[in-house]
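Overview (structure and organization)
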Amino acid sequence: MSVFREKICIVTGGGSGLGRALCRQLAEQGAILTVADLNKEAAYMVAREITDEGGKAVAAPVDVTIPESVESLVNQTLERYGRIDYMFNNAGVAVLGEFRDLPLAEVKKVLNVNLSGVLHGSYTAFRVMARQGFGHIVNTASGFGLAPGPTNLPYVTSKFGVVGLSETLRVEGLDLGVKVSTVCPGYIRTSLVEHVRTYRADARDVLSTLPVRLVEPEEAARLVLRKVGKNRAIIAFPSYVGLLTFLYRFVPGLFLRYSLRTVREFRKFRKPDLDGGESDG
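Once that is clear, we can look at a nonpolar patch on the surface. Taken together, the side chains of F246, F250, V251 and L254 define a hydrophobic patch exposed on the protein surface, amounting to about 380 Å² of accessible area. Among the residues examined, V251 registers a relative accessible area of 31% and is labelled partly exposed.

Right, dumping it as structure tokens:
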């Protein structure tokens, strides 16, 4: 029997990508879903897909950058079901470009969604779960939360923060019955990757330089849920995430050369404006 059977689960960013795959697979394993997303139409579509197939799901709009919105989501779920077993803080955004080219507003947007959003979800769910004496928080970070990558500074900053937040919270939750896992994937075939916003370069050019294959969302979700079921602290995949993390920590000179090659490849596509300034890709 699945560990998720009849468990009450909230998934933010559940309307697309990894979040959608998590929702569908949790439902297949008998979980009771709250599909939460800023795009409420996408959330309702996923919830309808699940219920049409005999699963249990409701949709809920949420803006993870607003603490009151997340608190309302958690409280409504708690009022409906009487408990919360799993909180998947999964919503995320990204922007690519050199730091010198990025508008500060774009940097803050990534930090607000990826880091503050996870903070808000963890903050509210942890208190509920501590009172219950049980529960599991699953925070989506990234392989870029274990090893940095140039031209991706806002995302890297946010994901390093998510790893630190989650690892600290895992220790604080041990004696309270609250589990915390951190998901650190590599590149997944989602709109976050395939339609990423870029500055001073064309996204297609940048993606063409990726030396690895994109993991399908369904494949990623299966692995994540299997590891969450075993209460793994860090869920990192594919294998190159572990390799890059090892190099970053123990062979920094080699990692630096790899990173320099990455940024120099990006600069081959970097576009100056005809007026002598800079323009978006």
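Moving on, there is more to tell.
With that out of the way, let us pick up helix α1 (residues 17-28). Here α1 contains twelve residues, and its C-alpha end-to-end distance of 17 Å stays within 8% of the 16 Å for a straight helix at 1.5 Å per residue. Burial runs high along α1: nine of the twelve residues are buried. Residues L18, G19, A21, L22, C23, R24, Q25, L26 and A27 constitute the buried set of α1. Close packing links the buried residues of α1 with β1 (8-12), β2 (32-37), α2 (40-52), β4 (86-89) and α8 (217-229). One or two residues past the end of α1 sits G30, with phi positive at roughly 95°.

It is worth spelling out the packing of aromatic side chains at this point. Scanning all chains against the criterion turns up eight aromatic pairs. Arranged with centres 6.0 Å apart and planes meeting at 80°, the rings of F144 and Y187 form a pair that is edge-to-face. A residue pair is termed long-range when its members are at least 10 positions apart, and F144 in the loop between β6 (135-140) and α5 (153-173) and Y187 in the loop between β7 (178-185) and α6 (191-194) qualify at 43 residues. Feature note: the residues F160, Y248, F255 and Y258 constitute an aromatic cluster, connected by ring pairs. For the cation-ring pair, R127 lies above Y123, with the distance from its terminal atom to the ring centre recorded as 3.7 Å.

Of the consecutive residues F237 and P238, the connecting peptide bond is found in the cis state with omega at -10°. In this structure, P238 sits in the loop between β9 (234-237) and α9 (239-250). One non-glycine residue, T151, lies in the positive phi region at around 65°. In this fold, T151 is placed in the loop between β6 and α5. We note that N231 has phi near 60°; this positive angle belongs to a residue other than glycine.

Take the side chain of T151 next. Judged by relative accessible area, T151 falls into the buried class, the value being 13%. Not counting the four nearest positions on each side in its chain, T151 is found in contact with V95, L96, G97, E98, V263 and F266.

Look at α9 against helix α10 (residues 252-267): their axes get within 6 Å of each other, and the N-to-C directions meet at 120°. By the criterion of interaxial angle, the relationship of α9 to α10 is oblique. Contacts between α9 and α10 involve L244, L247, Y248 and F250 on the former and, on the latter, P252, L254, F255 and Y258. Across the contact of α9 with α10, the residue classes break down as eight nonpolar, no polar and no charged.

Further remarks concern the pairing of β7. Residues in a regular strand project their side chains so that they alternate between the two faces of the sheet. The element β7 is extensively covered by neighbouring structure, given that seven of its eight residues are classed as buried. Of the pairings in the sheet, the one linking β6 to β7 comprises six bridges and is parallel in character. Its bridge partner lying in β7, V138 is registered against S181. Each parallel crossover has a hand, and the one from β6 via α5 to β7 is right-handed. Alignment of β7 against β9, held across four bridges, turns out to be parallel. Bridge assignment links V183 to a residue of β9, and that residue is I235.

Of all hydrophobic cores here, the largest spans 31 residues; its most connected members are L26, L33, V35 and F88. Contributing elements (two or more residues each) for this core: β1, α1, β2, α2, β3 (56-61), β4, α8 and β9. No other element matches α1, which puts six residues into this core. Ignoring sequence-local partners within four residues, the contact set of V35 consists of V11, G14, G15, C23, A43, V46, A47, I50, A57, V58, A59 and A60. Counting 21 residues, the second-largest nonpolar core is a separate cluster that includes V62, L73, I84 and A125.

What follows covers the pattern of salt bridges. Inspection of every chain in the model, using the stated rule, returns 15 salt bridges. A salt bridge links E53 to R24, with the nearest nitrogen and oxygen atoms 2.9 Å apart. Taken as a pair, E53 in the loop between α2 and β3 and R24 in helix α1 lie far apart in primary sequence, 29 residues in all. Measuring nitrogen to oxygen at the nearest pair gives 3.0 Å for the salt bridge that ties R213 to E219. Given the relative accessible area of 52%, R213 is considered exposed.

Reading guide: rules and limits
Residues numbered from 1 in each chain as written. Predicted model: local features only at pLDDT ≥ 70, side-chain atom pairs only at ≥ 80, totals over all residues. Heavy atoms only, no water. Patch = residues over 30% accessible without salt bridge, like charges linked within 9 Å, V, L, I, M, F, W, Y side chains within 5 Å. Areas by Shrake-Rupley, 256 points an atom, 1.4 Å probe, with all protein chains shown as cover. Salt bridge = Lys/Arg side-chain N within 4 Å of Asp/Glu carboxyl O. Buried < 20%, exposed > 50% of the residue type's maximum accessible area, 1.4 Å probe, protein only. Helix = DSSP H or I, 4+ residues; strand = E, 2+ residues; numbered from the N terminus. Expected span 1.5 Å × (residues − 1). Contact = heavy atoms within 4.5 Å. Phe/Tyr/Trp six-rings, centres within 6.5 Å; stacked < 30°, edge-to-face > 60°. Lys NZ or Arg CZ within 6 Å of the ring centre and 35° of its normal. Axes fitted to C-alpha atoms, helices over the stretch in contact; angles between N-to-C directions. Parallel < 35°, antiparallel > 145°, perpendicular 65-115°, else oblique. Nonpolar A, V, L, I, M, F, W, Y, C, P; charged D, E, K, R; others polar. Pairing = 2+ DSSP bridges. Right-handed = clockwise from strand over helix to strand, strands pointing away. Core = buried A, V, L, I, M, F, W, Y, C linked by side-chain atoms within 4.5 Å.

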